[in-house]
Amino acid sequence: MRICTISQLLRRSAVITASWACGLLLLAAAVLPATGEAQIPRKINYQGYLTTVNGAPLNNAALPVVVKLYDAASGGNLLFTETQNVAVSNGVFSMQIGAVTPLTLSFDRPYFLGVAINGDSEMTPRQALAAAPYALRAVQAELFGTVAQTSGSNTLIDGGPSLPDVGQYNAISIGLDGNPVISYYDMTNGNLKVAKCANPACTGTAVVTTVDNSANNVGRYSSITVPVDGLPVISYADSTAKYLKVAKCANADCSGSATVSSVDTSLNAGVYTSVAIAGDGLPVVAELAGSALKIVKCVDPACTGTGSVVPGSDGPPTIAIGADGVPLVVQAQFNGNLRFSRCTTMQCTATTTGTLSATASQLAPGLAVLPSGLPVASYLDFTNKRFVVTACADANCYNSSTLQPGAVNVVANYAAFNTADTSLAITLGADGLPLVAVGDPEMATIKVIRCASFDCAAIASVSTPVTLPRSVGPGALNGFRLHLSLTVGNDGLPVLAYYDPLNRSLRALKCTNAGCTGAGWRR
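Along every chain, residues carry numbers that run from 1 in the direction the sequence is written. Per-residue local features of the predicted model are confined to residues with pLDDT of at least 70, and side-chain atom pairs are confined, for both listing and counting, to 80 or more; whole-chain, interface and lining totals are unaffected and use all residues. Values reported for side chains reflect all heavy atoms of the structure, with hydrogen atoms and water molecules removed beforehand.

K.L.:
Please explain the side chain of K510 as it appears in this structure.
P.N.:
If you trace the backbone, K510 turns up in strand β36 (residues 505–510). Judged by relative accessible area, which is 5%, K510 ranks as buried. Pairing of N or O atoms within 3.5 Å defines a polar contact, subject to two protein rules: one partner must be a possible hydrogen donor and the other a possible acceptor, and residues neighboring in sequence count only if both atoms are side-chain atoms. Within the structure, K510 has its side chain in polar contact with the side chain of D491 (distance 2.9 Å). Secondary structure is summarised from DSSP: a helix means a run of H or I of at least four residues, a strand means a run of E of at least two, and numbering begins at the N terminus for each. Throughout, exposure labels follow a simple rule: accessible area from a 1.4 Å probe, protein chains only, divided by the maximum for the residue type, with under 20% read as buried, over 50% as exposed, and the rest as partly exposed.

Okay, here's the thing in structure tokens:
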């Protein structure tokens, strides 16, 4: 699944190596004036982690950093450049792009970031800016009243009542062109499919491709991410062989012949897969294999070979990448604990672990990384019958406080439904704060919670953009699962992919404001 932060190790044989976190535009509503675009603070908060060639964290009181923005991943036109002297402490630095040279770009198309350190030449590859910087354009539209206050367009992507049952185990990410790309399971045919939307709103006709149609039953537990080459990577289960598989698409819409690899062939592998791109630019997959966590690190972009395979404790996992480029995993253990694991290196040869909570359900939790570098997790608290968010106190996440994202607005009469039938997801909004989506099978709704603080102690809005008939699924709501996934587009607006059990289809909802508020969509 793609989240708002991007980490990519940019290696050179010179003085340092660097691992960069996604630049996040922090536009708090309290400081945005209502008088026009000119007063909007047009800066991008950017964090990084620097080491010597020996891997030791760098310390420097004033290190020259040159940042450039281009309109292409290579070549292209130079659109912006500035130089800053940044303070680096224990390898970590922060800067605001645009603090020296005014940032006047329109953010209406893809931009690519180039960085040079301490007089060295520009590192490669350039990084595609992710969702948050494009909120500059979204804020411009909101200030001038051009964004309609409705929950957005809701589009049938694949399937229908008389067509194959598709859309379960979906995952969503954003392509370099700004259009969503969705992986999902074709239950009728036992295949993995990918849909590439025709535009950022997912309206129109998507390019739908069967990526893996092997004789085996494949495609459950899919997860998708888009690395800097723009070619999606999908992890998923081969339920017949009980293997973990990874597909690397041949082109941006996955319509070409993908490279498909059986990555983990151990017993009962490939359950609850979650894929991300580590700081070295290579995929890393968290999975449940034989009732135990495994973190599998790929040694090439297509994951045709693997390096380290780190075993861990039981429970469904979700993976994200820290500000230093190191993989992080949160999992809901079968004993009720919520467990956090942090790889000690980008290659994940070992992990440090700790327990966050003792009230988690056996449901894959959500995980994102805040602009500050702190992990934030969402999960179902079955003891207290609520959806909650835990924001970590440090990057290791062993001292955390459990805070609710407006629990009373999320779930009603929780005891009436099976916890296995629900789904939830977390990402970061354009303001750098958590955005949570939950599927509530009791009320047959999908809710979106927009947090007003980094830990969700304060809630900006709670919306219900999707409502389905309560009589769907076998045995009414019993067994009705709202498979859903959530991301934020390059325009700063949320996009949801979800399974419609009434029509056995995959749908996509594009919100028209940051909280997905307004009139909801009903069948």
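K.L.:
Can you walk me through the state of the cysteines in this structure?
P.N.:
Such a bond, covalent and formed between the sulfur atoms of two cysteines, is termed a disulfide. By disulfide we mean two sulfur atoms from cysteines, separated by a distance within 2.5 Å. Going through the model one piece at a time under the given rule, you end up with six disulfides. The disulfide bridge from C298 ends at C303, spanning 1.8 Å between sulfur atoms. What sets the handedness of the C298 and C303 disulfide is the S-S torsion sign, and at about -65° it is left-handed. Each member of the pair C298 and C303 is classed as buried.

K.L.:
Please clarify how the confidence of the model for the protein should be interpreted in this entry.
P.N.:
Close inspection of predicted coordinates is inappropriate for parts of the model with low pLDDT. Of the residues in the protein, 76% have a pLDDT of 70 or more, and the chain-wide mean is 78. Ignoring residues within four places in sequence, the model shows residues 399–413, a span with pLDDT below 50, making 47 contacts including any to other chains. Here pLDDT means the predictor's own confidence in every residue, given as a number from 0 to 100. Contacts between residues were defined by any pair of non-hydrogen atoms, one from each residue, lying within 4.5 Å. When the criterion is pLDDT under 50, residues 472–479 qualifies, and its contacts beyond four places in sequence or with other chains add up to 14 contacts.

K.L.:
Got a minute to help me understand the sheet that holds strand β13 (residues 207–212) in this structure?
P.N.:
The strands that make up a sheet pair up through hydrogen bonds in the backbone, lying either parallel or antiparallel. When DSSP locates at least two bridges between a pair of strands, those strands are taken to pair. With respect to topology, four strands assemble into an open sheet ordered β10-β11-β12-β13, the strand pairing being antiparallel. Each end of this open sheet is capped by a strand with a single partner; those strands are β10 (166–174) and β13. Taken over all neighbouring pairs, the strand axes of this sheet differ in orientation by 25° on average, direction set aside. Two strands pair when backbone bridges link them, and strand β11 (residues 180–186) and strand β12 (residues 191–196) are joined in this way by six bridges, in the antiparallel orientation. Looking across to β12, one finds that V181 is bridged to K196. To define axes, lines are fitted to C-alpha atoms, for helices over the stretch in contact only, and angles between the resulting N-to-C directions are given on a 0 to 180 degree scale.

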